[in-house]
Amino acid sequence: MKPLDFDNRFVRELPADPEPASHVRQVHGACYSRVMPTPVSAPKLLAWSPEVAALLDLDEADVRAPEFAEIFAGNALMPGMEPYAACYGGHQFGNWAGQLGDGRAITLGEVLNHRGERWELQLKGAGPTPYSRRADGRAVLRSSIREFLCSEAMHHLGVPTTRALCLVATGEEVIRDMFYDGHPRAEPGAVVCRVAPSFIRFGNFEIFTSRGDVALLERLIDFTIGRDFPELAGSGETRRGDWFREVCERTARTVAHWMRVGFVHGVMNTDNMSILGLTIDYGPYGWIDDFDPGWTPNTTDAGGRRYRFGNQPRIAHWNLLQLANALAPAFPGVEPLQEGLNRYVEAYEAESLGMHRAKLGLASGREEDAALIDALHGLLAAAEVDMTIFYRRLAGIDVDAPSLEPLREAFYDAEKAAPHEAALGEWLGVYAARLREEGIPAVERRARMDAVNPCYVLRNYLAQEAIDAAEAGDPGLIHEILDVMRRPYTEQAGRERFAAKRPDWARHRAGCSMLSCSS
Ligand code: AMP
Ligand code: MG
């Protein structure tokens, strides 16, 4: 395997925890603790992403080299790697939770590729760190498959996200009580290598403010701007304000994309919010089948449904407010922070409206569009309509003779849809009239709509099928789903089943509609 060019600025420029041991503790006055991955008995490469390998200037021969699985299971280091776990805190489910930190994530280093891009490599599930609290630092195969596949699917859908280089089985078992109900069982373990320009979270800033450590807060802010927002580095006085505004805009764009593709993160705690505005920490996430703004995949969130699909834009704002509070001691006044938060609201509205107009194939913007979109959302929810199939089919309607027929494929239950058919038909009439006025040729409109309305998303039950097969010893479906998701906007012959709506058996099955944080 060829060597990589490491340039580990995080460990070089920020203060380390002086304590070298990995026992669990509160870490003060430091951004990270040095910690080695814990070796595993039998690493086996299960899957890898060719696009992410290419970002690192690696090719198939590198990935197939025997040392690859050893390195990315945590059994060996490459020259230049300097492993560490980051210290951060966070608000979980609306409450300050104190120090959290990388409890099972270990960064290996920052790679510079031949284009000069910086890519941080981070193992998830590589063993205990000082931040593991009462847990084991490991990850199970099922959650690792879900993170690996979804990171890549999201990227190909055009949603800002952390990436995944590879998925390695550890050959060891991990004990998990999936629904925290007294039924622990041994499950196969795995390690995912995640890749992103930075894994810094809102919580990395919050922890220092919570401890009154303003000096370290300021150091981390300046480091983050300098390394991860170089385009802002020269803006002097207003630099920190410009940065916060940029974080707000990026967060708005990412959440608007989630709403566009039907993604529900499931655990939008502030420790799971990327300062780069990337989708990060794939846990009990889920995909919308029937359009339901009230749906949350996360059983831990079933009570308050704080992280339900339709609430994500509001939660992102709340999380940015927590970040603003944490950053306040580093700002002379609150105005730039207030402006950033306002900018989030504007940016989200603009992004969301733009994306939904594109989903409907509208070439122009009109005052009444927001009402048209809201009305559709209400109908999709009431009639239990599959979001992905509906938009894909909508691109094919005949604007001169609009009919519900081609859209019926998206209905889950004809009886439930029946009382809403008249209203849906009326909506379709208004929509078709609007399209006629715009006069875009049908072929062109279809191409535009198909470019933003995916044919394939990582439906919850598909990921579960890949998990079931992999747990039984066959990783083939992971490879096939990864390949399908590489071209999510293009119909792929012979792969119709991956675009089908959720089968009945998956409606209430664990892993398909119900997920927990246990992973
Ligand atoms: P999450 O809800 O997955 O974002 O995790 C919240 C915190 O718990 C983070 O600090 C994680 O690193 C930590 N954590 C989750 N699972 C484990 C585990 N198996 N071992 C150690 N720490 C964990
Ligand atoms: Mg997390």
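Note that the structure is predicted; figures quoted are calculated from it, not measured.

> So what exactly am I meant to see when it comes to the packing of aromatic side chains here?
The geometry of an aromatic ring pair is captured by the separation of the ring centres together with the interplanar angle, meaning the angle of the planes. The tally for this structure, following the rule as stated, stands at 18 aromatic pairs. Among the aromatic residues, ring-to-ring pairing joins Trp-258, Phe-263, Tyr-282, Tyr-285 and Trp-287 into one connected group. Directly above the aromatic system of Tyr-285 lies the positively charged group of Arg-146, at a separation of 4.0 Å from the ring centroid. Above the plane of the ring of Tyr-391 lies Lys-359, whose end atom (NZ or CZ) is 4.1 Å from the centre.

> It is not clear to me how the coordination of the magnesium ion (ligand 2) should be interpreted in this structure. Could you clarify?
Ideal coordination angles are 109.5 degrees for a metal with four donors arranged tetrahedrally and 90 or 180 degrees for a metal with six donors arranged octahedrally. Here the magnesium ion (ligand 2) is held by Asn-272 (OD1) and Asp-281 (OD), and the distances to it run 2.0 to 2.2 Å. Both residues of the pair, Asn-272 and Asp-281, count as buried.

> Teacher, can you tell me more about the site of ligand 1 here?
Near ligand 1 there are 17 residues, and of these Gly-101, Gly-103, Arg-133, Gly-137 and Asn-272 occur at the shortest range. For ligand 1, a nitrogen atom lies 3.1 Å from a polar atom in the side chain of Asp-136. Asn-272 places a side-chain nitrogen or oxygen 3.0 Å from an oxygen atom of ligand 1. Taking 480 Å² as the accessible area of ligand 1 by itself, protein coverage stands at 82%. In the shell around ligand 1, the residues fall into 3 nonpolar, 6 polar and 8 charged.

> Help me out: how do you make sense of the packing of helix α5 (residues 141–157) against helix α17 (residues 476–484) in this one?
When two helices pack together, you describe them by how their axes are tilted relative to each other and by the distance separating the axes. Where α5 meets α17, the axes come as close as 9 Å, and the angle between the chain directions of the two elements is 20°. Classified by the angle between their axes, α5 and α17 sit roughly parallel to one another. Pair α5 / α17 crosses with right-handed handedness. Between α5 and α17, the contacting residues are Ile-145, Phe-148, Leu-149 and Glu-152 on the first element and Ile-478, Ile-481 and Leu-482 on the second. Residue composition of the contact of α5 with α17, grouped by class: 6 nonpolar, no polar and 1 charged.

> Would you explain the side chain of Ser-33 in this entry?
Locating Ser-33 in the fold gives a position in strand β1 (residues 32–34). Classification of Ser-33 as buried rests on a relative accessible area of 0%.

> Please explain the pattern of salt bridges as it appears in this structure.
Note on pairing: side chains with opposite charge can pair once their charged atoms come close. Under the defined criterion, the tally for this structure stands at 53 salt bridges. Its salt-bridge partner being Arg-194, residue Asp-281 comes within 2.7 Å of it at the nearest N-O pair. In this pair, Asp-281 sits in the loop between β11 (263–264) and β12 (286–287) while Arg-194 sits in strand β10 (residues 185–196), placing the two residues 87 residues apart along the sequence. Pair check on accessibility: Asp-281 and Arg-194 agree, each one buried. If you follow the salt bridges from partner to partner, you end up with Asp-7, Arg-12, Glu-110, Arg-118, Arg-227 and Asp-228 in one network.

> Just to check I follow, could you spell out the state of the cysteines for this structure?
In protein chemistry, a disulfide is the covalent bond that joins the sulfur atoms of two cysteines. For the structure on display, the rule yields 0 disulfides. Left without a disulfide partner, Cys-166 is nearest to the cysteine sulfur of Cys-193, which lies 5.1 Å away. Residue classification places Cys-166 among the buried positions, given a relative accessible area of 0%. Cysteine Cys-455 is unpaired, with the sulfur of Cys-150 as its nearest cysteine sulfur at 17 Å.

> It is not clear to me how the nonpolar core should be interpreted in this structure. Could you clarify?
For soluble globular proteins, nonpolar side chains are generally found buried alongside one another. Counting 165 residues, the largest nonpolar core has Phe-72, Leu-121, Leu-394 and Tyr-431 as its most contacted members. Of the residues forming this core, the biggest block, 10 residues, is contributed by helix α8 (residues 239–261). With residues near it in sequence (within four places) discarded, Leu-394 still touches Leu-360, Leu-407, Trp-427, Leu-428, Tyr-431, Arg-445 and Met-449.

> Would you take a moment to explain the environment of Gly-361 for this structure?
Looking at the secondary structure, you find Gly-361 in the loop between α10 (335–359) and α11 (369–382). On the basis of relative accessible area, Gly-361 is assigned to the buried category, the value being 5%. On a C-alpha basis, the gap between Gly-361 and Ala-463 in space is 30 Å, while along the polypeptide they are 102 residues apart. In contact with Gly-361, other than residues within four places in its own chain, are Leu-435, Glu-438, Arg-445 and Met-449.

What counts and how
- For every chain, the first residue of its written sequence is number 1, and the numbers climb from 1 along that sequence.
- Chains and ligands are labelled sequentially in the order written, the chains with letters from A and the ligands with numbers from 1.
- Only residues with pLDDT of at least 70 are given local features in this predicted model, and only at 80 or more are side-chain atom pairs given and counted; all residues enter the totals for whole chains, interfaces and linings.
- Side-chain measures here rest on the full set of heavy atoms in the structure, leaving out hydrogens and waters.
- The pairing test for Phe, Tyr and Trp rings, Trp by its six-membered ring, is centres within 6.5 Å, and the orientation test on the planes gives stacked under 30 degrees, edge-to-face over 60, and tilted for anything in between.
- Geometrically, a charge over a ring is one whose NZ (Lys) or CZ (Arg) sits within 6 Å of the ring centre while staying within 35 degrees of the ring normal.
- Atoms are scored as donors when they are N, O or S and lie within 2.8 Å of the metal, with 3.2 Å used for Na, K and Ca; no water is included, so coordination may look incomplete.
- A simple rule labels every residue: compare its accessible area, found with a 1.4 Å probe on the protein chains alone, to the largest value its type can have, and call it buried under 20%, exposed over 50%, or partly exposed in between.
- Proximity is defined per residue: any heavy atom of the residue falling within 4 Å of a molecule or strand makes that residue near it.
- A 3.5 Å cut-off defines polar contacts: any pair of N or O atoms within that distance qualifies, except that in protein one atom must be a possible hydrogen donor and the other a possible acceptor, and neighbouring residues in sequence count only when both atoms are side-chain atoms.
- Here the Shrake-Rupley method, with its probe set to 1.4 Å, supplies the accessible areas, and only the displayed protein chains count as covering residues.
- Only Asp, Glu, Lys and Arg are considered charged in this grouping, and only Ala, Val, Leu, Ile, Met, Phe, Trp, Tyr, Cys and Pro are considered nonpolar; every other residue, Gly among them, is considered polar.
- Fitted lines through C-alpha atoms serve as axes, helices being fitted only where they are in contact, and the angles separating the N-to-C directions of these axes extend from 0 to 180 degrees.
- By definition, any uninterrupted DSSP run of H or I lasting at least four residues is a helix, any uninterrupted run of E lasting at least two residues is a strand, and each is numbered from the N terminus.
- If an angle is under 35 degrees, it is roughly parallel; if it is over 145, roughly antiparallel; if it lies from 65 to 115, roughly perpendicular; otherwise it is oblique.
- By the definition used in this description, the sense in which the near helix is turned from the far one sets the handedness, with an anticlockwise turn below a right angle giving left-handed and a clockwise turn giving right-handed.
- Residue contacts follow a heavy-atom distance rule, with two residues in contact if any of their heavy atoms lie within 4.5 Å.
- One side-chain nitrogen of Lys or Arg within 4 Å of one carboxyl oxygen of Asp or Glu is enough to make a salt bridge.
- In what follows, a disulfide is any cysteine sulfur pair within 2.5 Å.
- Here, nonpolar core refers to any group of buried Ala, Val, Leu, Ile, Met, Phe, Trp, Tyr and Cys residues whose side-chain atoms link them within 4.5 Å.

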